[in-house]
Amino acid sequence: MESGSSVAQASVLDGYEDVLGLTSGLLAATVGGLRRGFQSAEAPRVRKTPEVDADADFDALLEAVAKGVVTGAQWLSASRALWYYDQVFLRHDDWSALASALIRELATSGGIDHVRRFEAAVDFLRHPSSQRHVSRALGNFVMDPDAQVVAPVLNLLGEVTDRAASDLVLRLLSSPSRNLRRAATSVAATKVARGHFDAQALPELERHLERQLSRGLDLDAGLDTLDLAVHVPRTSWEAVESRLRDPVATAMVVRVRSTRELITSRKAASLATEVATAIQDATPTHHPIETDMMLHRLVREALVHTHKARRHHAALLLSASPYGPATADQVLALTHHRDEFIAARAWAMLMRLPCPTPPTGPRQRTVDAMPDRHLARVLINVGIHDRPLDPATAAGLAARLPARRRSEHHGVLFALGMHGSPELERLSEHADDGVRRAAAWWLLQGGATRDDDSAAQRGSRAN
């Protein structure tokens, strides 16, 4: 197993979690995503045995859903139990309640809480008994015109190969909603990389790329477009390139299609060495320290790989490893980097890591002093990490609405919504219709989904 030539079953990963005192499902969920994302063999499905009480797992889930207190560990256990059977028969209302609860929690969770639910959702979305119900819940959620969080849910479509999912992603590329278009572009890049689209889909992908790239390529807001441009087949890119009139955007795509990195190779290597060395030095060890080249590779991919899925999984693997706490602290320090693009990449990576050590964490930094370029990502980090949002800060954030920049507007509401701030009640009566409807949506969700059993892994701290 350590050589990577064999696949560890879920029971083996469970054993490692027990011995190491890790959050239940931390390794299983992280490894499951890696296997699918990089097309390696999945662990074999274990059929029901006398030692496995799958019915009890499912009954416990239904009871927890009814009470509104489901943990990520319960979702994982139930999704595993689901696959002990070829068919599972539940009342329609039970399936609907289960699917709706899972999708809602997927949108309002972060860190390991989100990763566990995402893995469970993939299992439910793939199983023939639950697929229809989860698909409907997903569609209803993301098509809500007031939905404030869509990408974490829409990402599920990158995990299924059926034609209906691919057709939906193609349609959403032309959605009037900017959030849906961006999320669909990211999912489309994942599906192209995994070979989900057939040749008939390529013209629509080419038209979308041409529309986006003709406006110029912003290496901040346009990373999803760049991701898609890198992964479409060579013939598709050549067709797009022949119609572009922006030499800067064209040159950028050509370079990145070759290197698969957002910055030059020399700069990427230097950055990874600097950060990985600091992480390794700050991590306690019982062994003589030798350069950990896997750590260097993961840091490099998490920060500057072109493909969002690779950045995502590299960061999650670091988060699940003993390097997690030191990685969070070093990446937070990197948010001060003189290169604005690298600082932005650090803020994005921090969303997938444990909460950094106070007092220098995002909650203690003055939002008003943050450059506009980074403010939205700072606010997303404020919402994801569960260090309390004090009333004065919440009131200061609410006073920024309606914000001039769309990303700031969304970030403020996300931070307030995830913390269930009382400011939302006031904002639900705001004079601005967009603010009023967004606040009402967050009040309906009820704030972030955070599991008590994962507090240690999240690095949660009261101060």
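Bear in mind the structure is a predicted one, so any value in this text is a computation, not a measurement.

> Where do I start with the overall build of the protein in this structure?
Across its full length, the protein carries 25 helices and 0 strands. Every one of the 463 residues in the protein was classed for burial, and the buried ones make up 52%. Residue pairs in contact within the protein that sit at least 24 positions apart in sequence constitute 70% of those at least 6 positions apart. Carbon together with sulfur atoms contributes 53% to the accessible area of the protein, which is approximately 20,900 Å² in total.

> Would you mind going over helix α4 (residues 72-82) with me for this structure?
Within an α-helix, residues lying three or four positions from one another point in the same direction, as the helix has 3.6 residues per turn. Of all 11 residues making up α4, 8 are buried, and the element is well covered by its neighbours. Taken together, the buried positions of α4 are Gly72, Ala73, Trp75, Leu76, Ala78, Ser79, Ala81 and Leu82.

> What exactly am I supposed to notice about the side chain of glutamate 159 here?
Its place among the elements puts glutamate 159 in the loop between α8 (151-154) and α9 (163-172). Setting aside anything within four residues of it in sequence, one finds glutamate 159 in contact with Arg36, Phe118, Val122, Arg126 and Arg194.

> Looking at this model, I keep getting lost on the packing of aromatic side chains. Mind explaining?
Given two aromatic rings, their pairing is described by the distance between the two centres and the angle made by the two planes. For the coordinates displayed, the defined rule picks out 4 aromatic pairs. Geometrically, the ring pair formed by tryptophan 75 and phenylalanine 124 is edge-to-face, given 6.3 Å between the ring centres and 90° between the ring planes. Here tryptophan 75, found in helix α4, pairs with phenylalanine 124, found in helix α6 (residues 111-126); they are 49 residues apart in sequence, far enough to count as distant. With a relative accessible area of 0%, phenylalanine 124 lands in the buried category.

> Mind showing me how you'd approach the side chain of glutamate 301 here?
Looking at the element boundaries, glutamate 301 is found in helix α16 (residues 293-304). At 3.0 Å, the side chain of glutamate 301 and the side chain of arginine 310 are in polar contact. Setting aside anything within four residues of it in sequence, one finds glutamate 301 in contact with Arg310, Arg311 and Ala314.

> Honestly, a nonpolar patch on the surface in this entry has me stumped. Any pointers?
On the surface, a nonpolar cluster with roughly 390 Å² of combined accessible area is contributed by Val12, Tyr16, Val19 and Leu20. By the element assignment, leucine 20 lies in helix α1 (residues 10-20).

> Honestly, unusual backbone geometry in this entry has me stumped. Any pointers?
Negative phi characterises most residues that are not glycine, and trans characterises most peptide bonds. Cis geometry marks the peptide bond from leucine 401 to proline 402; its omega dihedral reads -5°. Assignment of secondary structure puts proline 402 in the loop between α21 (391-398) and α22 (406-418). For arginine 260, which is not a glycine, the phi torsion comes out positive at approximately 60°. If you trace the backbone, arginine 260 turns up in the loop between α14 (247-259) and α15 (265-282).

> In this structure, what is going on with the confidence of the model for the protein? I would like to understand it.
Atomic detail in the predicted coordinates should be set aside for any region of low pLDDT. Across the protein, the average pLDDT comes to 88, with 90% of residues at 70 or higher. Here residues 359-364 is a poorly scored stretch, pLDDT under 50, and it has 18 contacts once near neighbours within four places are set aside; other chains count.

> How should the environment of tryptophan 75 be read in this particular structure?
For tryptophan 75, a relative accessible area of 0% gives the class buried. In the structure, tryptophan 75 is positioned 49 residues away from phenylalanine 124 in sequence and 9.7 Å away in space, judged by C-alpha atoms. When sequence neighbours within four positions are dropped, the list of residues in contact with tryptophan 75 reads Leu61, Val65, Val70, Leu98, Ala101, Leu102, Glu105, Arg117, Ala120 and Phe124. At a separation of 2.8 Å, a polar atom in the side chain of tryptophan 75 contacts the side chain of glutamate 105.

Thresholds, definitions, all that
Residues numbered from 1 in each chain as written. Predicted model: local features only at pLDDT ≥ 70, side-chain atom pairs only at ≥ 80, totals over all residues. Heavy atoms only, no water. Helix = DSSP H or I, 4+ residues; strand = E, 2+ residues; numbered from the N terminus. Buried < 20%, exposed > 50% of the residue type's maximum accessible area, 1.4 Å probe, protein only. Contact = heavy atoms within 4.5 Å. Areas by Shrake-Rupley, 256 points an atom, 1.4 Å probe, with all protein chains shown as cover. Phe/Tyr/Trp six-rings, centres within 6.5 Å; stacked < 30°, edge-to-face > 60°. Polar contact = N/O pair within 3.5 Å; in protein donor to acceptor, adjacent residues only side chain to side chain. Patch = residues over 30% accessible without salt bridge, like charges linked within 9 Å, V, L, I, M, F, W, Y side chains within 5 Å. Salt bridge = Lys/Arg side-chain N within 4 Å of Asp/Glu carboxyl O. pLDDT = per-residue confidence, 0-100.

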